[in-house]
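Here is how the chains run, residue by residue.
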Amino acid sequence: MIDFRLDDKQLAIQAKYRDFTARWITPNARKYDLLAEFPWEVVKAAYKEGIMNGPLPTKFGGNGYSLIEGAIAAEELGAGCIGIGIGIEANTLALTPLLLAANEEQQKRFYGMIHEQQGVAAYALTEPNAGSDVQGIKSTAIRKGDKYIINGHKRFITNAEVSSFLTVFALTDPDRGSRSLSAIVVPTDSPGIEMKPHMLKMGQRASVQNEIIFHDVEVPVANLLGEEGHGFLIAMKTFDRTRNGVGSLALGAARTAYETAMEWSKKRIQFGKPISQQQIIGFMLADMATNIEAARSLVWRAASAFDHGDKKASMYSAMAKLYASDMAMKVATDAVQVMAGDGYSQDYLVEKIMRDVKLNQIYEGTNQVQRLVISKSIMK
Ligand SMILES: Cc1cc2nc3c(=O)[nH]c(=O)nc-3n(C[C@H](O)[C@H](O)[C@H](O)COP(=O)(O)OP(=O)(O)OC[C@H]3O[C@@H](n4cnc5c(N)ncnc54)[C@H](O)[C@@H]3O)c2cc1C
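Please read these numbers as outputs of a predicted model, since none were measured by experiment. (Residues numbered from 1 in each chain as written. Predicted model: local features only at pLDDT ≥ 70, side-chain atom pairs only at ≥ 80, totals over all residues. Heavy atoms only, no water.)

1. Regarding the pairing of strand β7 (residues 209-220)
Examined bridge by bridge, strand β3 (residues 147-158) and β7 share 9 bridges and lie antiparallel to one another. Within β7, the residue paired with H153 across the bridge is I213. Two elements, strand β6 (residues 193-195) and β7, share 3 bridges in a ladder whose sense is antiparallel. Across the sheet, the residue bridging to E194 is I213, located in β7. (Pairing = 2+ DSSP bridges. Helix = DSSP H or I, 4+ residues; strand = E, 2+ residues; numbered from the N terminus.)

See the structure below:
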């Protein structure tokens, strides 16, 4: 049965996240955009109010959300500020490999650490020469007795400088190349970790990214997730679960851009009438509203495919990320155009949203890479 009405639990999640966003995220959106700092006060409040780690099982301090529930929650975070939203959501990205591959002892140890510290973790996959091409990873984790010695170079790692630990992807046997890619938990205070200052960037400035260099960093073999050589699969299965969240955040931001432009256009009088009554503006707003609805349908479709174990869930998740982020970029750009000079000014959030949503077309696999995933899937 197809029914787009939300049930009582889903409505309650939507209301809870919408309320949190209204009190904590929207009022702080511009502040952190200008500060370009990690929004600790919001993350602490998110922990206090049960907003963090939504998709994690309740026994690990999460809310045990299905993907559709996670999508509903993420849309609300994105409606406030994607940068702050990603500060919250990137934790899920880093913790999902543990959900997929950690043993019980590791889950207790690492989820316990994050929950006790009310902290965050980071997902360290990308390297200077391995962006879209994950198989180009060169970092190594060479076993010596009961330790791995990690050397290498990661970049663009979200939340790294504020994280308790990093989920690092490295080769345990460089001769076997990416077939030996493995996922290992590395506490951020380990000796030998060189954390570069966070990068300055166009948008989503409330979330921080660092370059990290590993110089003979030692971690216990007990920090390996799953088995040696399972890293590529863990990384890809993680994205299958989280890409939908990237689409949902973009969807929320597009909604805010559209609503702002809509309200503004009703009040702005030019040539003796509100500009919303100019047909060309009305059509732009109509397209925005239509494309937002279409993206939400696809995001929910993808989440539902995942929740029901559909074999094509990975393809739908790529479609949702691709479509929702491209849609958000177009809607945000059009919202700035509708509001013209006001849209371009910092008096409103639409210029920030336009800068923010650009990134959703890039991280967790660029939209070109999503098209590769989709084309491979449809050609099968
Ligand atoms: C702000 C930010 C946060 C990030 N957070 C994280 C994080 O937390 N953890 C992490 O591990 N990584 C993170 N990343 C890295 C992100 O996932 C990569 O930037 C992304 O995957 C693209 O890699 P790249 O930038 O090296 O681009 P490249 O791979 O160099 O791509 C350059 C261009 O070539 C295109 N391209 C590449 N290969 C192909 C192909 N086969 N076919 C067609 N086109 C292709 C790309 O689409 C792109 O347009 C983050 C990046 C940013 C900017």
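On we go from here.
2. A word on the packing of helix α3 (residues 67-80) against helix α7 (residues 279-307)
In contact at an axis separation of 8 Å, α3 and α7 are set at 150 degrees when each is read in the N-to-C sense. Here α3 lies roughly antiparallel to α7, going by the angle between them. In contact with L67, I68, A71, I72 and E75 of α3, α7 contributes R296, V299, W300, A303, S304, F306 and D307. Here the contact of α3 with α7 is built from residues that sort into 8 nonpolar, 1 polar and 3 charged. (Axes fitted to C-alpha atoms, helices over the stretch in contact; angles between N-to-C directions. Parallel < 35°, antiparallel > 145°, perpendicular 65-115°, else oblique. Contact = heavy atoms within 4.5 Å. Nonpolar A, V, L, I, M, F, W, Y, C, P; charged D, E, K, R; others polar.)

3. Quick notes on the side chain of N210
Tracing the sequence through the fold places N210 in strand β7. The class for N210 is buried, based on a relative accessible area of 1%. Ignoring any residue separated from it by four or fewer positions in sequence, one finds N210 in contact with K154, R155, F156, I157, A160, E161, M195, K196, P197 and H198. (Buried < 20%, exposed > 50% of the residue type's maximum accessible area, 1.4 Å probe, protein only.)

4. Topic: unusual backbone geometry
At N53, a residue that is not glycine, the phi angle is positive and equals roughly 55 degrees. The topology assignment puts N53 in the loop between α2 (40-48) and α3. Backbone geometry places D216, a non-glycine residue, at a positive phi of 45 degrees. Within the secondary structure, D216 is located in strand β7.

5. Describing the site of the ligand
Every one of the 17 residues lining the ligand counts as a neighbour, but Y123, T126, S132, F156 and T366 are closest to it. When the ligand is considered free in solution it has 970 Å² of accessible area, and contact with the protein chains removes 66% of it. Contributing elements (two or more residues each) for the shell around the ligand: β3 and α10 (367-379). No other element matches β3, which puts 3 residues into the shell around the ligand. A breakdown of the residues in the shell around the ligand according to their chemical character gives 8 nonpolar, 7 polar and 2 charged. Inspection of the shell around the ligand shows a minimum of three residues originating in each of domain 2 (121-230) and domain 3 (232-379). (Near = heavy atom within 4 Å. Areas by Shrake-Rupley, 256 points an atom, 1.4 Å probe, with all protein chains shown as cover. Domains from an automatic or database assignment.)

6. With respect to the pattern of salt bridges
Two side chains bearing opposite charge may form a pair once their charged atoms approach each other closely. All told, the structure shown has 24 salt bridges when counted by the stated rule. Linking R30 and D33 is a salt bridge whose minimum nitrogen-to-oxygen distance equals 3.1 Å. Of this pair, R30 and D33 both sit in helix α1 (residues 8-35), 3 residues apart, which is roughly one turn of that helix. A residue is classified by how much of its surface remains accessible, and D33, at 3% relative accessible area, is buried. A salt bridge links K31 to E41, with the nearest nitrogen and oxygen atoms 2.6 Å apart. Linking K31 in helix α1 with E41 in helix α2, this pair joins segments that are 10 residues apart in sequence. The class of E41 is partly exposed, set by a relative accessible area of 32%. Members of the salt-bridge network, linked through shared partners, are R18, E75, E76, R255, E259, E293 and R296. (Salt bridge = Lys/Arg side-chain N within 4 Å of Asp/Glu carboxyl O.)

7. Structural notes on the pairing of strand β2 (residues 140-144)
Bridge analysis of β2 against β3 gives 5 bridges, and the strand direction is antiparallel. Opposite I142, over in β3, you have I149 as the bridge partner. The antiparallel pairing of β2 with β3 creates a hairpin that spans 2 residues between the two strands, and G145 there sits at a positive phi of about 65 degrees.

8. Remarks on the domain arrangement of the protein chain
Domain annotation of the protein chain identifies domain 1 (8-117), domain 2 (121-230) and domain 3 (232-379). Relative placement of domain 1 and domain 3: their C-alpha centres are 20 Å apart. Between domain 1 and domain 3, the contact holds 27 residues from the first and 35 residues from the second. Together, the buried faces of domain 1 and domain 3 total about 2,500 Å²; carbon and sulfur atoms form 65% of this surface. (Buried area = accessible area lost by both parts, 1.4 Å probe.)

9. Details of the packing of aromatic side chains
Geometrically, a pair of aromatic rings is defined through the distance of the ring centres and the angle of the planes. According to the stated counting rule, one finds 6 aromatic pairs in the structure shown. For the ring pair F38 and W40, a centre distance of 4.8 Å and an interplane angle of 70 degrees mean the geometry is edge-to-face. A residue is classified by how much of its surface remains accessible, and F38, at 7% relative accessible area, is buried. A network of ring pairs unites the aromatic residues Y123, F169 and F239 as a single cluster. One residue, R301, lies across the ring of Y316, its end atom 4.1 Å from the ring centre. (Phe/Tyr/Trp six-rings, centres within 6.5 Å; stacked < 30°, edge-to-face > 60°. Lys NZ or Arg CZ within 6 Å of the ring centre and 35° of its normal.)

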